[in-house]
Amino acid sequence: MKNRDKRRAFAASVVVCIGLATVGCNHKNGALQQPPAAAQQQSPVTYVSAIDRYLTEQIGSQYGKGEDMLPQGVAGEVVCIPCHTIVDVDEKDADDIKVWGDFWVFNYRQVGDTLKCVSGGNHPGLIHVRQTGEQFEVTGFDQVEDGSRFLPSAKRIFGDRFDAFQRINSDEKARERTRAEAVAAFVKDHNIDAAMFQDYGWDPVKL
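Residues numbered from 1 in each chain as written. Predicted model: local features only at pLDDT ≥ 70, side-chain atom pairs only at ≥ 80, totals over all residues. Heavy atoms only, no water.

### Observations regarding the overall build of the protein
Looking only at helices and strands, the protein has 5 helices and 9 strands in total. Secondary structure elements of the protein, listed N to C terminal, follow the sequence β-β-α-α-β-β-β-β-β-α-α-α-β-β. Within the protein, the proportion of its 207 residues that are buried is 46%. Of the contacts formed within the protein by residues at least 6 apart in sequence, a portion of 66% connects residues at least 24 apart. Carbon and sulfur atoms provide 48% of the accessible area of the protein, an area that totals close to 10300 Å². (Helix = DSSP H or I, 4+ residues; strand = E, 2+ residues; numbered from the N terminus. Buried < 20%, exposed > 50% of the residue type's maximum accessible area, 1.4 Å probe, protein only. Contact = heavy atoms within 4.5 Å. Areas by Shrake-Rupley, 256 points an atom, 1.4 Å probe, with all protein chains shown as cover.)

Given below as structure tokens:
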């Protein structure tokens, strides 16, 4: 993978997702909301759901909602789908569960039966999670840096896992397959009335 800004705005053909319908987010008119209670009850509380919640609330909320991409007079519901491919996990310490991964967030604005991707980006690194009883919370995030610091910081953060991270990060076909499965699972589990998703300038993909 070339040395570049990995936290760039959404690039249509480059995505990494495994979002298996764990806790994500719904928000309308820019206001973040939690999924319906039924969806929360069905989703197990794990360090993965804690990571999804963190990505949604702390990172996904910082991206644009794509209001300028809508036809005049069209509101369109926005859904935030955090996505990630886990590279490795160290669960030995419940106070500091370490999760290395290639983390992404994407905001989709629903227009008719299509989820149109309006923003998002890549945030690889190491997420720290603490378990207290049956609850999990993210306590820190060591992110790979931007620009010329991408490679050295990625090597430092991933260590002997760097080669595995690089293989995951460079496999575009696997990313696209996984992304399509992830969006379909999220739509099903959150009862979203959508049949397709679409990147700007590309044909829609049926779910």
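The discussion continues.
### What about the pairing of strand β5 (residues 114-122)?
Where burial is concerned, most of β5 is hidden: 8 out of the 9 residues are buried. Across 8 bridges, the pairing between strand β4 (residues 97-111) and β5 is antiparallel. Paired with Trp104 across the bridge in β5 is Asn122. The loop that links β4 with its antiparallel partner β5 comprises 2 residues; one of these, Gly112, has a positive phi angle of about 65°. Direction of pairing for β5 relative to strand β8 (residues 196-198): parallel, over a ladder of 3 bridges. (Pairing = 2+ DSSP bridges.)

### Points about the confidence of the model for the protein
Per-residue confidence for the protein averages 78 on the pLDDT scale, and 74% of its residues sit at or above 70. Counted against residues more than four places away or in other chains, residues 1-43, with its pLDDT under 50, gives 136 contacts. (pLDDT = per-residue confidence, 0-100.)

### Digging into the pairing of β4
Counting buried positions along β4 yields 13 of 15 residues, so the element is predominantly enclosed. Here strand β3 (residues 78-90) pairs with β4 via 12 bridges, running antiparallel. Note on β4: the bridge partner recorded for Cys80 is Asn107. Hairpin connection from β3 to β4: 6 residues lie between these consecutive antiparallel strands.

### Some points on the nonpolar core
Grouped together as the largest cluster of nonpolar side chains are 15 residues, with contacts concentrated most on Tyr47, Ile51, Phe103, Ile127 and Val129. Those residues within four positions of Ile51 in sequence are excluded, and the remaining contacts are His84, Val99, Phe103, Ile127, Val129 and Val138. Core analysis: the next-biggest nonpolar cluster, separate from the first, contains 14 residues, Trp104, Phe106, Val183 and Phe197 among them. (Core = buried A, V, L, I, M, F, W, Y, C linked by side-chain atoms within 4.5 Å.)

### Points about the pattern of salt bridges
Tallying each qualifying case throughout the model produces 8 salt bridges. In this structure, Lys92 and Asp90 form a salt bridge, with 3.0 Å as the shortest nitrogen-oxygen distance. We classify Asp90 as buried; its relative accessible area is 18%. Asp96 serves as the salt-bridge partner of Lys98, at 3.1 Å between the closest nitrogen and oxygen. Residue classification places Lys98 among the partly exposed residues on the basis of a relative accessible area of 23%. Members of the salt-bridge network, linked through shared partners, are Asp88, Asp160 and Arg161. (Salt bridge = Lys/Arg side-chain N within 4 Å of Asp/Glu carboxyl O.)

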